[in-house]
Amino acid sequence: MSTGASNPEYVNARVRSRRAAMLSDEDYRKLIRMGPSEIARFMEETEYEQEINALGTRFSGVDLIEYALNRNLAKHFDDLLEWSEGQLYDRIVRYLRKFDVWNLKTIVRGIYTDSDPEEISTDLIRAGELDDGTIDRLIEVDSIEDVIEILDGTIFAEQLEDAYEAFEESGALVPLENALDRAFYENLLEDLGRPREGPEAKYVEFLEAEIDFLNARNALRLARSGADLDPAAYYIDGGVLFDESDLNRLVGDYDALVDHIAENKRYGDRLSEALDRLRDADSLIQFEHALDAALLEYADTLSSVYPTSISPVLSFVLAKEREVENIRAIARGREVGLDENEIEEELVIL
Amino acid sequence: MALALNSFAENAVALQETAAPAGNGGPMIERGAAAALGIGLAAIGAGYAERAIGASVVGALAEDSISPGIGILLTVLPETLVIFALVALFVGP
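Residues numbered from 1 in each chain as written. Chains lettered and ligands numbered in written order. Predicted model: local features only at pLDDT ≥ 70, side-chain atom pairs only at ≥ 80, totals over all residues. Heavy atoms only, no water.

Go over the packing of helix H5 (residues 61-83) of chain A against helix H17 (residues 311-335) of chain A with me, naming the residues and quoting the values.
If you want to describe how two helices pack, look at the angle between their axes and the distance between the axes. Residue and element names in this part refer to chain A. Interhelical geometry of H5 versus H17 gives an angle of 175 degrees and a closest axis separation of 10 Å. As the angle between them shows, H5 and H17 are arranged roughly antiparallel. Of H17, the residues touching H5 (which contributes Val62, Asp63, Ile65, Glu66, Leu69, Asn70, Asn72, Leu73, His76, Phe77 and Leu80) are Val313, Phe316, Val317, Lys320, Glu321, Val324, Ile327, Arg328, Ala331, Arg332 and Glu335. When grouped by side-chain class, the residues that make up the contact of H5 with H17 number twelve nonpolar, three polar and seven charged. (Axes fitted to C-alpha atoms, helices over the stretch in contact; angles between N-to-C directions. Helix = DSSP H or I, 4+ residues; strand = E, 2+ residues; numbered from the N terminus. Parallel < 35°, antiparallel > 145°, perpendicular 65-115°, else oblique. Contact = heavy atoms within 4.5 Å. Nonpolar A, V, L, I, M, F, W, Y, C, P; charged D, E, K, R; others polar.)

Written out as structure tokens, the structure reads:
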């Protein structure tokens, strides 16, 4: 944990200005009508210029777009960590460690499948807390045991060591990946306490919402697929929507699960429209997008209510992730020849 | 904050005026010194306010989203409180 005064004013001014420069609904409408190379051209004229130019010689088409998006995302989030100090840094890094989780999963998978280090490297989003040197070392090692050794001292070490035995027994990556997720989410709310009011309380509420939505998503997927998996293995502690016994009981009964979410005071109203749609249609994707949109809208509201807290940063992080996801969805959608309406369904636009 | 400090200082002067004839000897703080104190405190308040504004302005300037002129104008806005505090120096006999 870093100490010293935090500087929300400086970070928020920069973040807000970047937020304002992001793509608008209009731009998405234009992008939907373009092919992959046109999208790349379009991106070259926006803030993605640098990344497109840097990667343009090595990749083309949708790959170029995808890698440029990843790099741009990493650049922005690295900037956030560079600017922020003190408590603010602590809060931001807590959230951005999710990219560490993503990177570690990618690296572990890459080592498991004996992939080329170069190939693993292009798939990473270097936005988290782990510095480039550590990540480069992680890519180069040959065994998962070495990865765990390098990670010694980080928040992931303990959980990974426990999971490694399970991995050795079963030979499947699932225990390791769950351990990474769990280490991240458990650390998310650690030593924040449960403040009652003010920006602190809202920050905690936001993180709880994140965990709740993840649990809801997993539960719905499990209920929908009907697979005989142990729901407890996917349960993340810390939310307010489910506890572990709720989850075990509800996974078997799809309608009860939807009702349980609708009855919750905190989310019921906000998600009512999406829940109705979830009952009528069989569209899980629509519901997941509604969850994303709800979280984004919530972060936006918070950033107006508490301008000098971490909220504007959170709102920017979410919005940026959405933007990247949206552009990726459009590019991939065009590549496989979806029509415009189908692609629009895939986008999360406020 | 600066305004609060400022009015506090002015109150102190007013209090002394009513209290001075009753006590023997002069006031604890002379008139001029009280005004100086008020102005100084107001300046500290203004400085505190400018700290945050300055940080935001530098942030916004780094992103090229406002012009330097606007930035300077916004930064020195709380400085007006110090000018109000100068009034304490001139009012009264």
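The discussion continues.
Provide a residue-level description of the packing of aromatic side chains, including the pertinent values.
All names here are of chain A. Scanning the model with the defined rule gives eight aromatic pairs over all chains in all. For the pair Phe59 and Tyr67, a centre-to-centre distance of 4.6 Å together with 55 degrees between the ring planes defines the contact as tilted. The residues Phe59 and Tyr67 share a single accessibility class, namely buried. (Phe/Tyr/Trp six-rings, centres within 6.5 Å; stacked < 30°, edge-to-face > 60°. Buried < 20%, exposed > 50% of the residue type's maximum accessible area, 1.4 Å probe, protein only.)

How would you sum up the interface of chain B and chain A? Please name residues and give values.
With ten residues of chain B in contact, the opposing surface of chain A contributes seven residues. Between chain B and chain A the total buried area reaches about 680 Å² when both faces are included, carbon and sulfur atoms providing 55% of it. Counting every contact that joins chain B to chain A gives three salt bridges. Arg51 of chain B is the salt-bridge partner of Glu9 of chain A, the closest N and O atoms lying 3.5 Å from each other. Among the residues forming the side of chain B that touches chain A, the class breakdown is five nonpolar, three polar and two charged. (Buried area = accessible area lost by both parts, 1.4 Å probe. Salt bridge = Lys/Arg side-chain N within 4 Å of Asp/Glu carboxyl O.)

Pulling in residues and values, what's your account of the environment of Ile125 of chain A?
All names here are of chain A. Locating Ile125 in the fold gives a position in the loop between helix H7 (117-123) and helix H8 (132-140). Separated by 17 residues in the primary sequence, Ile125 and Val108 have C-alpha atoms spaced 14 Å apart. In this view, Ile125 contacts Asn70, Leu73, Ala74, Phe99, Trp102 and Asn103; residues no more than four positions away in its chain are not counted.

Break down unusual backbone geometry for me, with residues and values.
Only a minority of non-glycine residues have a phi that is not negative, and only a minority of peptide bonds are not trans. In the Ramachandran plot, Asp114 of chain A falls in the positive-phi region, its phi being about 55 degrees despite a non-glycine side chain. At Asp64 of chain B, a position not held by glycine, the phi torsion is positive, near 65 degrees. Among the secondary structure elements, Asp64 of chain B is positioned in the loop between helix H2 (31-62) and helix H3 (68-76).

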